[in-house]
Amino acid sequence: MKKPFLQLLLIMIVMLTGWSCRQKHGLESPDISIIPKPMSIETSEGVFTLNDSTVILAEPGNEEVSQIAGMAQLIIQTSTGFNPVLRNMISIPATNAIVFRLNHPSVNTLGKEGYALAVDENHIEVTADDPAGIFYGMQSILQLLPCQIYSKELVTPAISWTVPCVKITDKPRYAWRGMHLDVSRHFFPKEFIKKYIDLIAMHKMNVFHWHLTDDNGWRIEIKKYPKLTDISAWRVDREDKPWNERELQKEGEEATYGGFYTQDDIKEIVDYAKKRYVTVVPEIEMPGHTSEVFAAYPELSCRGEKLTVFPGSYWPNIDIFCAGNEQVFTFLEDVLTEVFALFPSEYIHIGGDEADKTLWKVCPKCQKRIREEGLKDEKELQSYFIKRIEAFINAKGKKMIGWDEILEGGLAPEATVMSWRGFEGGIEAAKMQHDVIMCPVSYCYFDYYQGDPETQPKAIGGNTTLKKVYSFEPTPPELNGEEAAHVLGAQGNVWTEYIVTPEHAEYMAVPRMTALAEVVWSDKASRNWDDFNERLQQQFIRFNMLNVNYCRGSFKIGMKTRFDTLKSSMHILFESEIYKPVIRYTINGKDPDLKSKIYGEPVNVIANTTVKAGIFQNDTLLGGLSEKTLVLHEGIGKKVIYTEPYSHKYPGDGDRTLFDGIRGSDYFNDGCWLDLSSCLRRVFKFNEWKSV
Ligand code: ACM
Ligand code: ZN
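Please read all numbers here as calculations on a predicted model, not as lab measurements. (Residues numbered from 1 in each chain as written. Chains lettered and ligands numbered in written order. Predicted model: local features only at pLDDT ≥ 70, side-chain atom pairs only at ≥ 80, totals over all residues. Heavy atoms only, no water.)

1. So, the side chain of N493
- Inspection of the secondary structure assignment puts N493 in the loop between β21 (487-492) and α14 (502-509).
- At 2.8 Å, the side chain of N493 and the side chain of Q491 are in polar contact.
- The contacts of N493, once residues within four sequence positions are left out, are H180, W403, C439, C444, Y445, F446 and D447. (Helix = DSSP H or I, 4+ residues; strand = E, 2+ residues; numbered from the N terminus. Polar contact = N/O pair within 3.5 Å; in protein donor to acceptor, adjacent residues only side chain to side chain. Contact = heavy atoms within 4.5 Å.)

As structure tokens, this is what we get:
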């Protein structure tokens, strides 16, 4: 896979390549910076102006639409100081009205979540078949207004509250547009959960996947098993120690770190989310990542030993539910029964990931179950476990989701698979006609670094920049049309081993969720990084208004080369996620400083060299310097024909990657590696090419 290697399988045909200039993109008018980008926008001259006599009219007889109109009213009151009257729509006045109206009968072209928004100088009108569409139309109105509309206090001095005249038709690409949050590794208060749901809704996302149980704490009140919240929700406080180096609770020590959500808290949150068209999908882990349960109910594990709740890493997580013990199934069915009563979601997530089978291999009860059920091995025992739980879930009229390990040993008949270890699990499941949610680690794990680790708070690893998230394609090319229809959508996952505070959770989630929101809502063909980045600058102002602690992006500079065949010369291009950056560079190996050239046009390079570049703002270097070694060899710029495709996981700079003259680093995430691992048979070294 490493960039400096090439397999003999590749047939290389040496051809001259053409000079390719960076394409100029037609950027959207800066007046309109809706994220995610709507399906179609038609602008015209003029504006609608909000003032003290603006009225808001809501579809009569529909409580949900009235509620949405009420939300708009409150937001307008708070930031503008105007007091728009809210009325049922009986007739529409000639001027100065915001109208939220359902289609009668339904026109059914934009689906349940689609909407049409028309703004002229006299009216703003949102129409939709369903209140969900009205809610999304309302979100778009807010984003057409000045960003200060999101202010939590009166904006002074007063500004002009105008909305450009526009016609928008819009609907989402995917049905599942999710964000996950792990509240076990660290506990997050109810108020933050609501703020997280607000962010989800603002991005027109619609699922909050709530990871409520794991080795580091059980977080949901279950009336039948009170010890889960008396004991399993609490661990000894080792927050001053690195996650992987935390000692277990000692005899006599008190478990003081933790918390849980009462059933009343959960009802409040579910209701809060419902009003924002967000479905809360609870996750109750099984059979692994359950050691915290054995602090309260040790009889449910294979060993039956009483544990203390792990204050840090528990790996390998060998203490899992005993699959041979009937009591385990009684416990889980009781728990799920209370969960069903709290969460109206049709889906329930049962985890299923990373269950270490070490103890199942030696547990007499588990081995008896394997024999009696005629199972081949412990993988099939896991499949037995999950299928049995699925039957219970289905019998209650619900659907089960599990992480992609539930494929091992045989997939449960109706299961939806959440593909996290890569795309493969999702592809396999979709080919078996199962529904799939894509969240591969390399694009969707927002606990990964999002910039140079030296400039970022400690994270679990990885390198998932904003731009990388924006490049994510949830539907893999391996699927045909019918299989692709099983990809319900995608979600971003926020695991919290290294995330302790709400502010830090926001920093990791935002704006990567902003990029993901556009991936899952907007048409694939309309995706355009430069356009998104321009609109993102407005979104940053909105985040400021909402007091969201967002990350400004990676200061790492990407470097690409292009070969000019006519002049036989190589050019280097710099890219950054930062909007309109001032990049200073050198091509002589020296560190750039304030006297170094500012990057404008592609830079001509004629000899092997080291290129260094950095982003400067107000005479200060932001982040660190980026550096690449260029090697001009005979292969540069030649066309490579791949007889087998490289993986889309690490596509480098596309076909040209192996002969672009840029030496990859030891870090396979550096954007210079091409993933040939699936077809690798023999390799030879790229740097054995003779230099010219
Ligand atoms: C996972 O990240 N273990 C689903
Ligand atoms: Zn067992």
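Now that the structure is up, let's keep going.
2. Describing the pattern of salt bridges
- Using the criterion set out here, one finds 41 salt bridges in the structure.
- The shortest N-O distance in the salt bridge between R173 and E473 comes to 2.8 Å. In this pair, R173 sits in the loop between β9 (162-170) and β10 (176-182) while E473 sits in the loop between α12 (466-470) and α13 (481-484), placing the two residues 300 residues apart along the sequence.
- Notably, a salt bridge pairs R562 with D653, separated by 2.9 Å at the nearest N-O pair. Remark: D653 occurs in the loop between β29 (640-641) and β30 (683-685) and R562 occurs in strand β22 (residues 558-564); sequence separation between them is 91 residues. An identical accessibility class is assigned to R562 and D653; each is buried. (Salt bridge = Lys/Arg side-chain N within 4 Å of Asp/Glu carboxyl O. Buried < 20%, exposed > 50% of the residue type's maximum accessible area, 1.4 Å probe, protein only.)

3. Some words on the sheet that holds strand β23 (residues 569-575)
- Read across the open sheet, the three strands follow the order β22-β23-β26; overall the sheet is antiparallel. Strands at the two margins of the open sheet, each flanked by one partner only, are β22 and β26 (603-605). The average angle at which neighbouring strand axes cross in this sheet is 35°, direction not considered. (Pairing = 2+ DSSP bridges. Axes fitted to C-alpha atoms, helices over the stretch in contact; angles between N-to-C directions.)

4. Describing the sheet that holds strand β5 (residues 85-88)
- Pairing within the open sheet is mixed, and its seven strands lie in the order β3-β9-β7-β8-β6-β4-β5. For this open sheet the edge positions go to β3 (40-49) and β5, each flanked by a neighbour on one side alone. The average angle at which neighbouring strand axes cross in this sheet is 20°, direction not considered.
- Looking at chain direction, strand β4 (residues 55-58) and β5 are connected through four bridges and run parallel. Bridge pairing in β5 links L57 to R87.
- Its contacts with the sheet put helix α1 (residues 63-80) on β4, β5 and β6 (97-102), and the angle it makes with β4 is roughly 165°.

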